[in-house]
Amino acid sequence: MAILDSKTPAGPIKDKWTNYKNQINVVNPANKRAIDVIVVGTGLAGGSASASLAEMGYNVKAFAFQDSPRRAHSIAAQGGINAAKNYQNDGDSVYRLFYDTVKGGDYRSREANVYRLAEVSANIIDQCVAQGVPFARDYGGLLDNRSFGGVLVSRTFYAKGQTGQQLLLGAYSAMNRQIGKGKIKMHTRHEMLELVKVDGKARGIITRNLVTGEIDRHSAHAVVIASGGYGNVFFLSTNAMGSNVTAAWQIHKKGAYFANPCYTQIHPTCIPRSGDYQSKLTLMSESLRNDGRIWVPKNMDDVMAIRKGTKKPTDLSEDERDYYLERRYPAFGNLVPRDVASRAAKERCDEGYGVNETGEAVYLDFKAAIERYGNETATISGEKNASLDRIKELGEKVIENKYGNLFQMYEKITDENPYKTPMMIYPAVHYTMGGIWVDYNLMTTIPGCYAAGEANFSDHGANRLGASALMQGLADGYFVLPYTIGDYLANDIRTGPISIDTPEFVEAEKSVTERLEKFINNKGTKTVDYFHRILGKIMWDKVGMARNAEGLKAAIEEIKSIREEFHKDVMVPGGMFELNPELEKAARVSDFLELGELFANDALMREESCGGHFREESIELDGEQKGEAKRDDTNYAHVAAWEWTGDPSKSNLHKEELTFNDIELKQRSYK
Amino acid sequence: MKLTLKIWRQKNSNDKGKIETYPVDNVSEHMSFLEMLDVLNEGLVAKGDIPVAFDHDCREGICGMCSMYINGEAHGPDRGVTTCQLHMRKFNDGDTIYIEPFRAKGFPIIKDLVVDRSAFDRIQHAGGFVSVNTSGNTQDANAIPIPKDDADNAFDAATCIGCGACVATCKNASAMLYVSAKVSQFSLLPQGKVEAKRRVLNMVDQMDKEGFGNCTNTGACEVECPKGISLENIARMNREYLKASI
């Protein structure tokens, strides 16, 4: 086991980034024209990095598996983007954003990276406004903010419930300008299937053209992986259908360490599963918990009656309901952080109190809020002695103004009217904090190979705060990577073009072709989805919201055996040289089947509970916090970075010790 | 539910293509339309047949990847939704459903229900941006106040998801709604005004080169648009184009 060097610059935390930028090497404009950079993925991180690098003069080759960069799953982010602008004069600052992010991550992120993120956050908003991103504004014409995710200030910028879309379209427009100039060569419907290393350095990738099936070689002086997270290892998640770990996993297998794979965010407010055919889960914005109260029935008889349809939730009186978050966490109530709210819902459903046919749903009830707002509105408008129906009518209007689009989406999917009957929600896999290990420069353990956005591990520790994913993607792509990559490329100005005819490229292409041909020629009996579903179930049941050693060990064995069966018995119809979605899925699921095992091993190694990682053995045994997560800073205040050895369960563990000089470590309490 | 699906099958861009019939049963009314197709495909794969290819990704109505012409309507019979958000409860047991790709000269078919919408990207390359470089020194975001109505209208135009339903629906296969949404967004904002003239001329020019037809004000695009992009944007683009041309 070796100690990893994060290359964090010396000096006080607030000066690190500024001083570092002044000292690192830069490439002169004429030389940039002779340097190629590959960017895999065109979401917020990849799109913004591609545009910025091209503006600086590098030749960018960008890759996306969708038909346009605008389709990347960053587009689905709803709530907003944090920035320490302090426009609301509520005492926000770079330090406070830094502090909230480190604390929210349960003290498992790297201080210097998080501080830099907070530092550049304000620039992101300036940049996006200059691009024409239509953020919400108030009547004075200035930018509006909202509060989010239980922090104490209003620092979240937003564009209704489509902030991710607007920011991605901003990055897309910046890319389009460079594509039009020829500085970005955009490869859509291309999937990266292998990294090419020459003399130990990342020098190119092998891709499959998803329309023609051709396997292509692409070379560059550096490779940036911005391919997002791996939540789809659970089969069902809020990720897009195509979201995958393949690019990240392939660089892992070529020497990039994979950090903290077990850190997964399970979002508490998603629409529950409705049947076995379900293909994905839909998120409902966290903001609903500001007004909704979460409950299940107190009595098992009522649960059964509701499942049978003989009783409706609205039939239950107040004292027949268990508002379990308010009961367990009187101080924060329904506004506890995401990980806490998710585990509490699971606890009730595991005890049998789930309210739908699958037993995996709890209520999110707006009745109290509707009546409260209705009363307020009636008082303001001078309607004395308004009837209950009138009060409800007024209240529903207020709720519609706040959450109308979410209520409409819920109704479209479930065919139930959430104004009249409580919503049903259940936690779902949403975001992965873990990812490729990177140093302060965002470089992986492979020289010349970088990872940005959700694909890397660096900024969110063991739990991500709301509205921070968009911030990190754009910070990495617009403001961090374009500087730090120059420090590396400054040594490459005399290299000249990288040939794609070297043995390394030939070998890598051959390996990809063989891997895909094997799937086609396998002629098994079961579909790719069959295996993916089984993997997802193992992950959810044993490596999901709460984990214990026994379950994890069983999961590791089960994943091994299902992986073996997959390679023996998977059926991929069609051929190599055509549009073949089953072949695409097979290659992705094959990687998920390896990642899943590493993921479980990581969770098994970490015998503490922190953030989204909850070990049932590591809980507070008495006192006020009885039953809550117990962190172990003495033994686990480190990043676990795994080195591939050929078998996911035999990966080598490398530790990066985390030191906190600017923040005091505390227990998170929401009681 | 039991259904009969009549689906357009076409091996590749050179193939002629034809409608094939597939019976499906065990369809739940809670399924989304794409989940119903997943069930069909899983059955086809299990038999060793080639599954029906269709574009899809986010499955929550925002990425714009899914398309399909269902019973003669882009994104099917429901309003204000994409195909991935369409649910089977909008159909009846025993229905026959016709599923075809988006059809337009500007959207050549790649396979089955998958079409090539890269023409949309090329129109954006021609001018769908504000020419500002990334820098840590852009002026403060609040330096130019923007009237709330302008910001809201720009936002409404900017919510276009680029799915192409407007083109598929239009009898002229016109891309005016799509192009005007981007032109409008930028022409309403001070940041976009500087190069508004160049933008509208270049984008319209590229739109014409891609083989999209002209607008004859039937308004079908607005009706079928899953995001409710307004026809007003086309009027605004026409004004911008006129201003830029004289």
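**A closer look at the overall build of chain A**
Next, step 1: For chain A, the count of helices and strands is 18 helices and 19 strands.
Next, step 2: By the compact-globule yardstick of 26 Å for 671 residues, chain A fits well, its C-alpha radius of gyration being 25 Å.
Next, step 3: Dimensions of chain A, computed from C-alpha atoms along their principal axes, come out at roughly 80 × 60 × 50 Å.
Next, step 4: Going through the 671 residues of chain A one by one, you find that 58% of them count as buried.

**A word on unusual backbone geometry**
Next, step 1: We note that N86 of chain A has phi near 55°; this positive angle belongs to a residue other than glycine.
Next, step 2: Residue N86 of chain A is classed as partly exposed on the basis of its 18 C-beta neighbours within 10 Å.

**Thoughts on the pairing of strand β6 (residues 190–198) of chain A**
Residue and element names in this part refer to chain A.
Next, step 1: Taken across its nine residues, β6 has eight buried, putting it largely inside the fold.
Next, step 2: Both β6 and strand β7 (residues 201–209) contribute to a ladder of eight bridges, which runs antiparallel. Paired with K197 across the strands is A202, a residue of β7.

**Describing the sheet that holds strand β18 (residues 638–643) of chain A**
Residue and element names in this part refer to chain A.
Next, step 1: Spatially, four strands are ordered β16-β10-β18-β19 in an open sheet, and the strand pairing comes out antiparallel. Sheet topology places β16 (435–436) and β19 (652–657) at the edges, where each strand pairs with a single neighbour.
Next, step 2: For β18 and β19, the ladder comprises six bridges, and the chain directions are antiparallel. Bridge pairing links E643 to N652 in β19.
Next, step 3: With respect to the sheet, helix α17 (residues 581–605) is in contact with β10 (258–259), β18 and β19, its orientation differing from that of β18 by roughly 145°.

**Quick word on the interface of chain A and chain B**
Next, step 1: With 65 residues of chain A in contact, the opposing surface of chain B contributes 66 residues.
Next, step 2: Put simply, the parts of the chain that give the side of chain A that touches chain B at least two residues each are α3 (44–56), α5 (111–131), α6 (163–181), α13 (469–489) and α17 of chain A.
Next, step 3: Looking at which element gives the most residues to the side of chain A that touches chain B, the answer is α6 of chain A, with nine residues.
Next, step 4: Counted by class, the side of chain A that touches chain B contains 25 nonpolar, 25 polar and 15 charged residues.

**A word on the environment of G359 of chain A**
Residue and element names in this part refer to chain A.
Next, step 1: As for its placement among the helices and strands, G359 is situated in the loop between α10 (338–350) and β14 (362–365).
Next, step 2: Residue class for G359 comes out partly exposed when judged on the 15 C-beta atoms lying within 10 Å of it.
Next, step 3: Separated by 271 residues in sequence, G359 and Q88 place their C-alpha atoms 43 Å apart.
Next, step 4: If near-sequence neighbours (up to four positions away) are discounted, G359 is found in contact with C349 and G354.

**So, α10 of chain A**
Residue and element names in this part refer to chain A.
Next, step 1: If you check α10, its first and last C-alpha atoms are 18 Å apart, about what 13 residues at 1.5 Å a residue would give, namely 18 Å.
Next, step 2: For α10, the buried fraction is high: 11 of the 13 residues fall into the buried class.
Next, step 3: Every buried residue belonging to α10 is among R338, D339, V340, A341, S342, R343, A344, A345, K346, R348 and C349, and all of these are buried.
Next, step 4: The inward-facing, buried residues of α10 abut β11 (264–270), β12 (293–297), α9 (324–328), β14 and β15 (423–432).

**What to know about the domain arrangement of chain B**
Residue and element names in this part refer to chain B.
Next, step 1: Partitioning chain B into domains gives domain 1 (3–110) and domain 2 (117–134 + 143–245).
Next, step 2: One C-alpha centre belongs to domain 1, the other to domain 2, and the line joining them spans 28 Å.
Next, step 3: Opposite the 18 residues of domain 1 that make contact, domain 2 presents 18 residues.
Next, step 4: Across the side of domain 1 that touches domain 2, the residue classes tally to eight nonpolar, seven polar and three charged.

**Observations concerning the packing of α3 of chain A against α13 of chain A**
Residue and element names in this part refer to chain A.
Next, step 1: One way to put it is that α3 packs onto α13 with a least axis distance of 8 Å and a crossing angle of 20°. Regarding the angle of α3 to α13, the classification is roughly parallel. Considering the relative orientation of α3 and α13, their crossing is right-handed. Contacts between α3 and α13 involve L44, A45, G46, G47, S48, A49, S52, L53 and M56 from the first element and L470, G473, L474, D476, G477, Y478, L481 and P482 from the second.
Next, step 2: Partitioning the contact of α3 with α13 into residue classes produces 10 nonpolar, six polar and one charged.

**So, the domain arrangement of chain A**
Residues and elements named next belong to chain A.
Next, step 1: Here the domain parsing of chain A yields domain 1 (269–429) and domain 2 (513–637).
Next, step 2: Domain 1 puts five residues into the contact, and the matching count from domain 2 is five residues.
Next, step 3: Broken down by element, the residue count for the side of domain 1 that touches domain 2 peaks at four residues, all from α10.
Next, step 4: Considered class by class, the residues forming the side of domain 1 that touches domain 2 number one nonpolar, one polar and three charged.

**Re the sheet that holds strand β9 (residues 222–225) of chain A**
Residues and elements named next belong to chain A.
Next, step 1: Sheet architecture is open: five strands sit in the order β5-β2-β1-β9-β17, paired in parallel fashion. The two strands at the open ends of the sheet, each matched to only one other strand, are β5 (184–187) and β17 (449–451). With direction set aside, neighbouring strand axes in the sheet form an average angle of 20°.
Next, step 2: For strand β2 (residues 59–63) and β5, the ladder comprises four bridges, and the chain directions are parallel. Pairing of V60 across the sheet is with I184, part of β5.

About the thresholds
- Residues numbered from 1 in each chain as written.
- Chains lettered and ligands numbered in written order.
- Predicted model: local features only at pLDDT ≥ 70, side-chain atom pairs only at ≥ 80, totals over all residues.
- Helix = DSSP H or I, 4+ residues; strand = E, 2+ residues; numbered from the N terminus.
- Rg over C-alpha atoms; globule rule 2.2 N^0.38 Å.
- Buried ≥ 20, exposed ≤ 12 C-beta atoms within 10 Å, placed from the backbone.
- Pairing = 2+ DSSP bridges.
- Contact = placed C-beta atoms within 7 Å.
- Axes fitted to C-alpha atoms, helices over the stretch in contact; angles between N-to-C directions.
- Nonpolar A, V, L, I, M, F, W, Y, C, P; charged D, E, K, R; others polar.
- Expected span 1.5 Å × (residues − 1).
- Domains from an automatic or database assignment.
- Parallel < 35°, antiparallel > 145°, perpendicular 65-115°, else oblique.
- Left-handed = near helix turned anticlockwise from the far one by under 90°.

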